[in-house]
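Observations on chain architecture
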Amino acid sequence: MKTDTVSGNRGLDLEEPLLFELGRKGRTGVDMPDAPKVASRLGGLEREGEIGLAGVSEPEVIRHFVRMSRNNYSIDANLYPLGSCTMKHNPRLNEKMARLPGFGDVHPLQPESTVQGALELINTLGHWLKTITGMPAVAMPPAAGAHGELCGMMAIRAAHEAKGDTKRTRVLIPESAHGTNPATAAQCGFTVDPIPGNERGRIDLAAVKAKLGADVAGIMLTNPNTLGLFENEVIEVAQAIHSVGGYFYADGANFNAIVGKAKPGDMGVDAIHINLHKTFSTPHGGGGPGSGPVAFSAALAPYAPLPMVVERQGRFHLIEHRGDKGEPGEKSFGRMRTFNGQMGMFVRALAYMMSHGADGLRQVAEDAVLSANYIMASCKDDMTSPFPGPCMHEALFDDRFLEGTGVTTLDFAKAMIDEGYHPMTVYFPLVVHGAMLTEPTETESKESVDRFIHVLKSLAKKAKSGDAQFFKDAPRYAPRRRVDETAAARNPVLRWTPPAPKAQAAE
Ligand SMILES: *Cc1c(COP(=O)(O)O)cnc(C)c1O
């Protein structure tokens, strides 16, 4: 990036090379004695050349990563309105709990008798998840939302196969669905049959009914849906899919909007993943791993994956293998990952639930929905929304308000970067032209949401005033301006190659 400073730095914003460009051969942060000479047992497979790691001192390592981290937008820095992602504050109490030695230092291969507390925690979290979803069983292993979807769809496949029903090849999925839904169905060998939405942004019930048949394995539906709207015909959808022997998979990524208010079990759901890293505030995105436990209806519960925690006479056991007749896990579809799940995420999620209590979790949903509607209502004269009426936890805008201005949704998003905001989710859902999906969450104060609204409205007015160039030049203040995202996706450079030696380069 061109700057008028000698160094390329801009005040607190420091330029930083790659670790490999920074490193020098032989430089190190630690002083280790030479390794003792031992006879090699590698049978001629030992490495002969240099491993090629960057040699850096301790202060260089620290500065490198601190400088890099300052280029990174985070929820700890400002409101992070990325729709569908529920970027909410991660309470520090959760971090403290996750670091308790009894949780932080346990190993998944330790004998059961030495990790009773950790197993109890998994069991207790599972109990809460069953309670708030209103469903009788839960599988804790899945490592993310998409992994939870895979878990749910594998259970659906196993349930059909157990009945000898192997002809079910189609899965119904709304056109507005998150991309992971069709990807999961395809991964499980199903054909994706898209269902259009209606003029109210909800799934078209008549279209669902028209697509039913004995070859339908199930439906995947998000409620609230990815347009931020509550599917008020969800019960009818469940009844329709059940009437042909299919199952109802609910994508629970948007659970933040209904936690404590409505139970998927009451909506006829057979399987739903809960993104602990969204609804229950465990750090995610660049900040940490995910966790996607799946709640199951009684019909699918027998097929849940292993391992599972069971309580017997006050002791906690892990069932790791498909058991004997009548034992839990007898019909399990098997194991989908090593070990028992994301332990650190479990601790954080349970800490979050316990510190909120049942009433607090209900208030989470109420405040999340209120914040989104506050944005929607405040911006209604300056921006346009594709669907009428109140929204749930996300305010969705389209690009009609930009029509004729020469400014696109992408330009608008880039201008937000200059204002100190991570852009909202743009161009998703695909069914809305120039979509801007905005999710403030409940953890922003009114003042914070007001500042954000002020930026949205001011930028919208600026676009309409004819200053398109202002948007085309954005972002001005980011460490990098407009990178070629297409080239980056199509031709990713995943490997650093050392520059050619000087003599050669000169030729
Ligand atoms: C985030 C999200 C997912 C996927 O969850 P990951 O944890 O990112 O795998 C699926 N569906 C919807 C609607 C989401 O928002």
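Residues numbered from 1 in each chain as written. Predicted model: local features only at pLDDT ≥ 70, side-chain atom pairs only at ≥ 80, totals over all residues. Heavy atoms only, no water.

1. With respect to the domain arrangement of the protein chain
The domain architecture assigned to the protein chain consists of domain 1 (93-351) and domain 2 (371-490). Look at where the C-alpha atoms of domain 1 and domain 2 centre, and you get two points 32 Å apart. Taken residue by residue, the interface counts 19 residues in domain 1 and 13 residues in domain 2. Regarding the contact of domain 1 and domain 2, the summed buried area is about 1200 Å², with carbon and sulfur atoms giving 67% of it. Our count for the domain 1 to domain 2 interface comes out at zero salt bridges. Seen at the junction of domain 1 and domain 2, the total is three residue pairs in polar contact (both at pLDDT 80 or more). Its residues assigned to classes, the side of domain 1 that touches domain 2 shows seven nonpolar, nine polar and three charged. (Domains from an automatic or database assignment. Contact = heavy atoms within 4.5 Å. Buried area = accessible area lost by both parts, 1.4 Å probe. Salt bridge = Lys/Arg side-chain N within 4 Å of Asp/Glu carboxyl O. Polar contact = N/O pair within 3.5 Å; in protein donor to acceptor, adjacent residues only side chain to side chain. Nonpolar A, V, L, I, M, F, W, Y, C, P; charged D, E, K, R; others polar.)

2. Here's the deal with the sheet that holds strand β7 (residues 294-296)
Pairing in this open sheet of seven strands is mixed, and the strands run β1-β7-β6-β5-β4-β2-β3 from one edge to the other. Each edge of the open sheet carries a strand with a single partner, namely β1 (137-139) and β3 (191-195). Mean inter-strand twist for the sheet, computed between neighbouring axes without regard to direction, equals 25°. Packing of helix α5 (residues 116-133) onto the sheet brings it into contact with β1, β6 (271-273) and β7, and relative to β1 it is tilted by some 125°. Packing against the sheet, helix α6 (residues 145-162) makes contact with β1, β2 (170-174), β4 (216-222), β5 (247-251), β6 and β7, and its axis sits at approximately 175° to β5. (Pairing = 2+ DSSP bridges. Helix = DSSP H or I, 4+ residues; strand = E, 2+ residues; numbered from the N terminus. Axes fitted to C-alpha atoms, helices over the stretch in contact; angles between N-to-C directions.)

3. Quick look at the packing of aromatic side chains
Counted by the stated rule, this structure contains seven aromatic pairs. Pairing F401 with F412 gives two aromatic rings, centres 5.6 Å apart and planes at 85°, and the pair type is edge-to-face. Of this pair, F401 sits in the loop between β10 (395-397) and α12 (409-418) while F412 sits in helix α12, placing them eleven residues apart in sequence. Given the relative accessible area of 0%, F412 is considered buried. A ring pair is formed by F470 and F471, whose centres lie 5.3 Å apart and whose planes are at 80°; its orientation type is edge-to-face. The same class applies to F470 and to F471, which are both buried. Within the aromatic cluster, the residues linked to one another by ring pairs are F401, F412, F470 and F471. Directly above the ring of F470 sits R476, whose terminal nitrogen or CZ lies 4.4 Å from the centroid. (Phe/Tyr/Trp six-rings, centres within 6.5 Å; stacked < 30°, edge-to-face > 60°. Buried < 20%, exposed > 50% of the residue type's maximum accessible area, 1.4 Å probe, protein only. Lys NZ or Arg CZ within 6 Å of the ring centre and 35° of its normal.)

4. Overview of the pattern of salt bridges
In total, this model carries 26 salt bridges according to the counting rule given. For K25, the salt bridge goes to E50, with nearest N and O atoms at 4.0 Å. Note that K25 is positioned in the loop between α1 (19-22) and α2 (58-70) and E50 in the loop between α1 and α2, a separation of 25 residues in sequence. Residue D411 pairs with K472 through a salt bridge whose shortest N-O separation is 2.4 Å. Of the two residues, D411 sits in helix α12 while K472 sits in helix α14 (residues 468-472), which places them 61 residues apart along the sequence. With a relative accessible area of 36%, K472 lands in the partly exposed category. A single salt-bridge network, built from bridges that share partners, covers R170, D193, K211 and D215.

5. With respect to α12
A large share of α12 lies buried, amounting to eight of its ten residues. When α12 is considered as a whole, its buried residues turn out to be T409, D411, F412, A413, K414, A415, M416 and D418. Next to the buried residues of α12 lie β11 (425-426), β12 (436-438), α13 (446-464), α14 and α15 (485-490). Of the residues one or two after α12, G420 is the one with positive phi, at around 90°.

6. So, the environment of L410
Assignment of secondary structure puts L410 in helix α12. Setting aside chain neighbours within four positions, we find L410 in contact with Y427 and R482.

7. Details of the sheet that holds β11
Read from one edge of the open sheet, three strands run β10-β12-β11, paired in antiparallel fashion. Of all the strands in the sheet, the pair left with one neighbour each is β10 and β11. Note: β10 against β12, three bridges, orientation antiparallel. Along β12, the bridge assignment pairs F397 with M436. Contacts from helix α11 (residues 343-378) reach β10 and β12 within the one sheet, and its direction differs from that of β10 by about 30°.

8. Considerations on empty space enclosed by the protein
A full pass over the atoms with the stated rule returns four cavities of 30 Å³ or more. Its boundaries defined by the atoms lining it, the largest cavity holds a volume of some 60 Å³. Forming the walls of the largest cavity are N223, A250, D251, G252, F255, I258, P264, M267, V269 and I272. Each residue belonging to the lining of the largest cavity can be placed in one class, and the counts come to seven nonpolar, two polar and one charged. (1 Å grid on protein atoms, 1.4 Å probe; cavity = no way out; pocket = protein on both sides within 12 Å on 5 of 7 lines; lining within 4 Å. Points joined across faces, edges and corners; volume = space filled by probe spheres on them.)

9. A word on the layout of surface pockets
Quantified by volume, the largest pocket comes out at close to 960 Å³. In this structure, the largest pocket is lined by 40 residues; those nearest its centre are N71, N72, Y73, S74 and H422. Listing elements by their share of the lining of the largest pocket, those giving two or more residues are α2, α3 (92-98) and α12. Among the elements that make up the lining of the largest pocket, the one with the highest residue count is α12 (three residues). Tallied by class, residues from the lining of the largest pocket come to 16 nonpolar, twelve polar and twelve charged. Built from parts of two domains, the lining of the largest pocket gets at least three residues from each of domain 1 (93-351) and domain 2 (371-490). In this model, the second largest pocket occupies a volume close to 440 Å³.

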